[in-house]
Amino acid sequence: MYRTALRNVLAHKGRLLMTALAILLGTAFVSGTLVFSDTLGQAMKNSFAKSYTDVSVLVTDRTVGTRMGGGNIEDEKNTEKLTDATVKQIAALPGAAKSRGVVSGFIGVSDKKGNLIGEVWSAMGGNYVPDPSGKDSRYPLVEGKTPSGPKEVALDKATADKGGYHVGDTVRIARNGPALEVKLAGIVTTDDPQITSGGTLTLLDTASAQKILLTPGQYSSVSVLAKSGTTESALLDQVSNVLPKAGDFRTKTGQQLIDEQAEVIAKGTDKMKTMLLVFAIISLFVSIFIIANTFTMLVAQRTKELALLRAVGASRSQVTRSVLVEALALGVTASAAGLLAGIGIGAGMQSLIHATAPGMPTGPLVIAPTTVVVTLVVGVLVAVLSAVLPALRASRIAPVTAMSSGDQPATQKSLVIRNVVGSVFTIGGLGLVVTGAATRSSSGQVPVGAGVGLALIGIFVLLPLLSRPVIALVGPLLAKVAGTPGKLARRNAVRNPRRTAATAAALTIGLALVTGLSVLGSSVSDMVDKAVTSSMKADYDVTLATGDLTPELAAAIAKAPGVAVSSPINRAFWELGGALHSVRGFDAAGFEQLVQPKMVSGSAAALKQGQILVDSNMAKKENLSVGSNVKVDYRTGGAASQGTLTVGGVYEGNTMISEVIMASAEIAKHEPQPYLSEVLVKGTDGPSAALKQSIKDATGNNPVVEVKTRQDMRDEFSKMITFALNMMYGLLGMAVVIAVIGVINTLAMSVFERKREIGMLRAIGLDRRGIKRMVRLESVVISLFGAVIGVALGTFAAWAVNRTLISSLPTLTTVVPYGQLLLFLALAGLVGLVAALWPARQASKLNILVSIKTD
């Protein structure tokens, strides 16, 4: 029987080719993901490890850091910092070869057009520390001289090249205040992976760096190199003993830093790997329907052969095993090919990243044993499990009753059981979805997720039952447009409902996911669009890409020519009524000219009286109304930390405004250095190019400053949504390709088993063109059937998910992008048409007489 099974694989290799291709693509996705993520992760670990080659111990001051790239965060209780005295004490330790005081923070570099070079998150500033020879081994000087004084800087070579700068040129640098013009004194190189992968590095002498990034005489960290023979742990103990006792410092050995970085990289690559594997699993899930459909059709086409095997003594278990062995052989072969293809994909992705981002770490391909085992096991399991039901059906073929050719019709009992099971799953799943959606909170997300899964399974089981009424709807249209080929196409599509359902299910999965993502994206975009349109009256929103503006910058914007009203927005996080809330502060005098919240009760003018405005969701949750007093903890410590605030108004919840609004002056009483997130500006004559330039000029043309209109804000968010959706569509593309392969495979095998029928149609007058049209229309009908079910299910799931987000996004409503969904349906029809090209051509080329004589 095993030899027979293997001979059957070779005999039907043409019919199994498309199925093998589906497995190959799915396993290639899996192995490619594993190879690429492992290779990238290892390359990044090796690269970042180089950053600590000259660091045995690193001391970091945890009370001083850069807040969103901006102002300093300082814990006033800890006054002792890392100073020159600390650096000298550490350098004098018996186990220390040398110590280095490090100043670090954000400094952006502008190109000659005024645009920021590189990305904000990778723009670094630091101190150049020359040794007695005048050189800094950490940053080798390749051109020019050492920077000296606040008006000189050194740039890394890549940044200088991108900006077109040469030694002696004037360079504009910026933090969170007005931009500064400095002279480029020197150009350096570095092996810091953050810089080599596209970041920018700006170096100043230590005193100037401290003044710009910290405070004079202060360091953010101290790196120490151990003497030969001194272990890192021993040096760590020595360093810990001389650190200021009142400080809050973190001390780590070089190896601990390398291990921490490796862990961070591993977590990052694991997240990427998990995301990619989810889409790989979706592709393999789609493959299951294709494999099961293929073996079902093969069993039906080999009814005589299997019956003869039973007649000559083969048992049911032997027949079952023979079909499973065929699937096993197919799975092993296709998975091995998929593994090789995946290795190629991993290498290609590595090359692509290197080509698009030359500085990204690269290294040899990492093909872990786990990758090989997982790819082969997953591919084989998918193939064998998909063939279990067809194998069981094959074993039930009776030796006598199955001696005639043709597909064995499903019994009435099996159809009833299938429909009952499918109905139970579908109704139960939909019930869970509705129950979860009714909660209108995140607690309903689990029931919604489980319900969608159950409903999806139930609908897959019910697809044969649904195929007849759904496809019947297009019957009159097909007959009217395509005549006889249209009528035949409709009848062929519903002739074998199970086959049609299995073919359409692959497209249903893809379209359900794509539709759900599209509806969610449209809903969120609409919410942001309405929030910006309804609440913002300001002409411009001025933000800093690093997040935190200085009061000086806000004051400069307010004085810019053409500015009528402006308001810096500061933010605090206080405990109101025992719960932590975000409080945003606006200038009370100009608030109503810049912001227009939809008031439910009270008045926005209450801000001028020192009262607060709360959104309707918080008011409902905390049982607040106009005149209510709220206990507040300003989180500053001591008796002054406690207080009471009065509610002066309630406004409709808006995602662009925080839960609590207060006058900036009131926040400043409890937050001496509040976090300034943005500045709203209204012009004397409305928005204009002149006003925008005036604001930019007021910031010293700081390349990090962004001046955006309401439309800019809407467009920016729309681009983010579009990018995320396009990425998801691209990752789902493999599942769609596999679904197309399934349609081609089903049609090709259907043409093969309908040779006699096609020959008879040709004999009674249907020409080649009519045959082609019949097969193509059949494919289009099946594809549209799967697409319609997928679009409906995806829309329903997105509605339910939106309902569970209402508690956190109160203005979120479900927006159905009808134009986009119609486009998806049109593309599904086109996919069906393209998938039918080859099978239709093969059907039209069949010889009439040979086909009629086919047994």
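What you see is a predicted model, and the numbers here were worked out from it, not measured in a lab. (Residues numbered from 1 in each chain as written. Predicted model: local features only at pLDDT ≥ 70, side-chain atom pairs only at ≥ 80, totals over all residues. Heavy atoms only, no water.)

Caption draft 1: Fine view of the overall build of the protein. For the protein, the count of helices and strands is 28 helices and 22 strands. With respect to the three principal axes, the spread of C-alpha positions in the protein is 100 × 75 × 50 Å. When burial is assessed residue by residue, the protein has 48% of its 855 residues classed as buried. Expressed as a percentage of contacts within the protein between residues at least 6 apart in sequence, the contacts between residues at least 24 apart total 81%. Taking the 82 positively charged and 59 negatively charged side chains of the protein as two groups, their mean positions are separated by 18 Å. (Helix = DSSP H or I, 4+ residues; strand = E, 2+ residues; numbered from the N terminus. Buried < 20%, exposed > 50% of the residue type's maximum accessible area, 1.4 Å probe, protein only. Contact = heavy atoms within 4.5 Å. Lys, Arg positive; Asp, Glu negative; His and termini not counted. Charge placed at Lys NZ, Arg CZ, Asp CG, Glu CD.)

Caption draft 2: Main features of the pattern of salt bridges. Taken as a whole and assessed by the stated rule, the structure comprises 17 salt bridges. A salt bridge links R714 to D529, with the shortest nitrogen-to-oxygen separation between them at 2.3 Å. Of this pair, R714 sits in helix 23 (residues 710-753) while D529 sits in helix 17 (residues 497-535), and the two are 185 residues apart along the sequence. A relative accessible area of 26% places R714 in the partly exposed class. Here E652 ties to K598 by a salt bridge, and the two come within 3.9 Å at their closest N and O atoms. Residue E652 is located in the loop between strand 19 (642-651) and strand 20 (660-663), and its partner K598 is located in the loop between helix 19 (591-594) and strand 16 (599-602); the two are separated by 54 residues in the primary sequence. The exposure class of E652 is partly exposed, given its relative accessible area of 38%. We classify K598 as exposed; its relative accessible area is 57%. Three or more residues joined by partner-sharing salt bridges are found here, namely R250, K252 and E260. (Salt bridge = Lys/Arg side-chain N within 4 Å of Asp/Glu carboxyl O.)

Caption draft 3: Here's a closer look at helix 3 (residues 84-91). Among all positions in helix 3, only T86, V87 and I90 are buried. For helix 3, the angular spread of the buried residues around the axis is 100 degrees, confining them to a single face. Structurally, helix 3 contributes buried residues whose contacts are with strand 2 (96-102), strand 11 (221-226) and helix 7 (232-242). (Arc of directions from axis to C-beta.)

Caption draft 4: Up close: the sheet that holds strand 12 (residues 249-253). Overall, antiparallel pairing links the four strands, which are arranged 2-11-1-12 in an open sheet. Unpaired on one side and paired on the other, strand 2 and strand 12 mark the two borders of the sheet. Shown here is a sheet whose adjacent strand axes are inclined to one another by a mean of 15 degrees, direction ignored. Taken together, the five bridges between strand 1 (residues 57-61) and strand 12 define a ladder with antiparallel strand orientation. Looking across to strand 12, one finds that D61 is bridged to F249. Contacts between helix 3 and the sheet are confined to strand 2 and strand 11, with strand 2 contributing the most and set at about 165 degrees to the helix. Packed onto the sheet, helix 7 meets strand 1, strand 2, strand 11 and strand 12 and runs at close to 160 degrees relative to strand 12. (Pairing = 2+ DSSP bridges. Axes fitted to C-alpha atoms, helices over the stretch in contact; angles between N-to-C directions.)

Caption draft 5: Spatial organisation of a nonpolar patch on the surface. Among the surface-exposed residues, V416, I417, V420, V421, V424, F425, L432, L454 and I457 lie close enough to one another that they form a single nonpolar patch of about 690 Å² accessible area. For the nonpolar patch, the secondary structure elements donating two or more residues are helix 13 (412-438) and helix 14 (445-472). With respect to the helices, strands and loops of the structure, I457 is situated in helix 14. Here I457 falls in the partly exposed class, since its relative accessible area comes to 44%. (Patch = residues over 30% accessible without salt bridge, like charges linked within 9 Å, V, L, I, M, F, W, Y side chains within 5 Å. Areas by Shrake-Rupley, 256 points an atom, 1.4 Å probe, with all protein chains shown as cover.)

Caption draft 6: Highlighting the pairing of strand 10 (residues 200-205). The buried fraction of strand 10 amounts to six of the six residues, a majority that puts the element mostly inside the structure. With six bridges connecting them, strand 5 (residues 123-128) and strand 10 associate as parallel partners. Looking at the pairing, Y128 lines up with D205 of strand 10. Pairing of strand 7 (residues 152-156) with strand 10, which is carried by two bridges, proceeds in the antiparallel orientation. Residue pairing for strand 10: L155 is matched across the bridge by T202.

Caption draft 7: Molecular detail of the nonpolar core. One finds V286, F295, L306, F460, L463 and I771 to be the most contacted residues of the largest nonpolar core, which totals 89 residues. With 13 residues, the single largest contributor to this core is helix 8 (residues 254-301). If you look at the next biggest cluster of nonpolar residues, it comprises 34 residues, including V87, A96, V171 and V222. (Core = buried A, V, L, I, M, F, W, Y, C linked by side-chain atoms within 4.5 Å.)

Caption draft 8: Inspection of the environment of A797 at higher detail. Among the secondary structure elements, A797 is positioned in helix 25 (residues 768-804). Along the primary structure A797 and G449 are separated by 348 residues, whereas in three dimensions their C-alpha atoms are 8.6 Å apart.

Caption draft 9: Layout of the packing of helix 10 (residues 316-356) against helix 12 (residues 388-395). Two elements in contact, helix 10 and helix 12, have axes whose closest approach is 8 Å; the angle formed by their N-to-C orientations is 145 degrees. For helix 10 against helix 12, the interelement crossing comes out right-handed. Between helix 10 and helix 12, the residues in contact are R316, V319, T320, V323 and L324 and V388, A391, L392, A394 and S395, respectively. Partitioning the contact of helix 10 with helix 12 into residue classes produces seven nonpolar, two polar and one charged. (Left-handed = near helix turned anticlockwise from the far one by under 90°. Nonpolar A, V, L, I, M, F, W, Y, C, P; charged D, E, K, R; others polar.)

Caption draft 10: Just helix 9 (residues 303-311), in detail. Those residues of helix 9 that sit buried are T303, L306, A307, L309 and R310. Looking down the long axis of helix 9, one finds its buried residues gathered within 155 degrees of arc, a one-sided arrangement. Following helix 9 by one or two positions, G313 adopts a phi angle in the positive range, close to 120 degrees.

Caption draft 11: Seen up close, the packing of aromatic side chains. Enumeration according to the criterion identifies five aromatic pairs in this entry. Ring geometry for F586 against F591: centres 5.2 Å apart, planes inclined by 70 degrees, an arrangement best described as edge-to-face. Note on accessibility: F586 and F591 belong to one class, buried. Seen from their ring centres, Y729 and F824 are 6.2 Å apart, and the 80 degrees between their planes marks the pair as edge-to-face. Separated by 95 residues along the polypeptide, Y729 in helix 23 and F824 in helix 26 (residues 818-835) bring together distant segments of the chain. Judged by its relative accessible area of 21%, Y729 falls in the partly exposed class. Note on F824: relative accessible area 11%, which makes it buried. (Phe/Tyr/Trp six-rings, centres within 6.5 Å; stacked < 30°, edge-to-face > 60°.)

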